[in-house]
Amino acid sequence: LLFRDALTQLIKSRQCTLLIQTSHPSPNNKRWMARHEELKQFQQKHGHCRVPHGYVENRQLSWWVMNQRAQYQLSKQGQKSWLSADRVNLLSTVGFDWKPIIANPTNSK
């Protein structure tokens, strides 16, 4: 059952990726897909998609992740956003954390 669920998720992810690549072949889309691939690699390495702000190994990925969250919030508030539903689905499929918990340094021990 777990294998079937994982396979279904993989197929959905691949279908969304192909749909986005073929329906939006712009340079901006190619850059977005390249960052998405970097995020997937980060997730495989670290087990999560919470790329830290100012991530030394890939600062561009860090800013990109922050921008995805900002655009998502705009769309949730009914404001203009360039983050499409297909992209939201792709990010969600890899476990993107839309509202990461930010540690409060005054509460840490």
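Not measured: the values here are computed from a predicted model.

Caption draft 1: Representation of the packing of aromatic side chains within the structure. Evaluation of the coordinates by the stated rule reveals four aromatic pairs. Measuring from centroid to centroid gives 5.2 Å for Phe42 and Tyr55, while their planes differ by 90°, and the two rings are edge-to-face. Here Phe42 is found in helix α2 (residues 27-46), whereas its partner Tyr55 is found in the loop between α2 and α3 (59-76), with 13 residues between them in sequence. Ring plane angle 65° and centroid distance 4.5 Å describe the contact between Phe96 and Trp98, whose orientation is recorded as edge-to-face.

Caption draft 2: Expanded view of the nonpolar core. Ranked by size, the top nonpolar core spans 18 residues in total, and within it Leu39 and Leu91 carry the most contacts. Residue assignment for this core shows that the elements contributing at least two residues are α2, α3 and α4 (85-93). Excluding residues that lie within four positions of it along the chain, Leu91 makes contacts with Trp32, His36, Leu39, Trp64, Gln68, Leu83, Phe96 and Trp98.

Caption draft 3: Highlighting the confidence of the model for the protein. Of the residues in the protein, 68% have a pLDDT of 70 or more, and the chain-wide mean is 81. The least confident element of the protein, judged by mean pLDDT, is helix α1 (residues 2-23) at 56; the most confident is α3 at 96. A low-confidence stretch, residues 21-25 stays under pLDDT 50, and its non-local contacts, those more than four residues away or across chains, total four contacts.

Caption draft 4: View of the pattern of salt bridges. Going through the model one piece at a time under the given rule, you end up with three salt bridges. Between Lys40 and Glu37 there is a salt bridge, with its nearest N and O atoms 3.0 Å apart. Of the two residues, Lys40 and Glu37 both sit in helix α2, three residues apart, roughly one turn of that helix. With its nearest N and O atoms 3.1 Å apart, the salt bridge here joins Lys45 to Glu57. A residue pair is termed long-range when its members are at least 10 positions apart, and Lys45 in helix α2 and Glu57 in the loop between α2 and α3 qualify at twelve residues. A single burial state applies to Lys45 and to Glu57, both of which are exposed.

The rules behind the values
- Residues numbered from 1 in each chain as written.
- Predicted model: local features only at pLDDT ≥ 70, side-chain atom pairs only at ≥ 80, totals over all residues.
- Heavy atoms only, no water.
- Phe/Tyr/Trp six-rings, centres within 6.5 Å; stacked < 30°, edge-to-face > 60°.
- Helix = DSSP H or I, 4+ residues; strand = E, 2+ residues; numbered from the N terminus.
- Core = buried A, V, L, I, M, F, W, Y, C linked by side-chain atoms within 4.5 Å.
- Buried < 20%, exposed > 50% of the residue type's maximum accessible area, 1.4 Å probe, protein only.
- Contact = heavy atoms within 4.5 Å.
- pLDDT = per-residue confidence, 0-100.
- Salt bridge = Lys/Arg side-chain N within 4 Å of Asp/Glu carboxyl O.

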